[in-house]
Amino acid sequence: MVSELPCPNCGQPTDLSPDNRWRPFCCQRCKLIDLGEWFAEEHRIPADEQDDDLSDPSIGDDDPPPH
């Protein structure tokens, strides 16, 4: 089992044991930088547009449903 990997933010060796409370990051600073990038939408998880509810034209209609 690998006990060290590079920090995803700065690349420094990172302890992956439960003793490292910021894993997989090397420190709290790197973890917060990554979190800020997610909040700024610099990181995104690709979505399949077919599963996207926004493609359904009936969603968001202000018109009442037909009787």
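Remember, it's a predicted structure, so these values are computed and weren't measured experimentally.

(A) Structural context of the overall build of the protein. Helices and strands together make up the secondary structure of the protein, namely one helix and two strands. From first element to last, N terminus to C terminus, the protein shows the α and β order β-β-α. A sequence separation of at least 24 residues applies to 4% of the contacts in the protein between residues at least 6 apart. Carbon and sulfur atoms form 53% of the exposed surface of the protein, whose accessible area is close to 6,200 Å².

(B) Focus on unusual backbone geometry. For the bond running from R23 to P24, omega is 10 degrees, close enough to zero to count as cis. Tracing the backbone through its elements, the reader meets P24 in the loop between β2 (13-15) and α1 (28-39). The backbone phi angle of E41 is positive, close to 60 degrees, even though this residue is not glycine. Along the chain, E41 falls in the segment after α1.

Definitions and limits used
The residue count restarts for each chain, going from 1 along the sequence in the order it is written. A pLDDT threshold of at least 70 governs which residues receive local features in this predicted model, and a stricter bar of 80 or more applies before side-chain atom pairs are shown or counted, although totals over entire chains, interfaces and linings include all residues. Neither water nor hydrogens contribute to the side-chain values; these are computed over all heavy atoms in the structure. Secondary structure counts use DSSP, requiring at least four H or I residues in a row for a helix and at least two E residues in a row for a strand, with both numbered from the N terminus. When checking whether two residues touch, look at their non-hydrogen atoms; a contact exists if any pair is within 4.5 Å. Note on areas: Shrake-Rupley with a 1.4 Å probe; residue coverage comes only from the protein chains shown.

These figures capture arrangement, not role.
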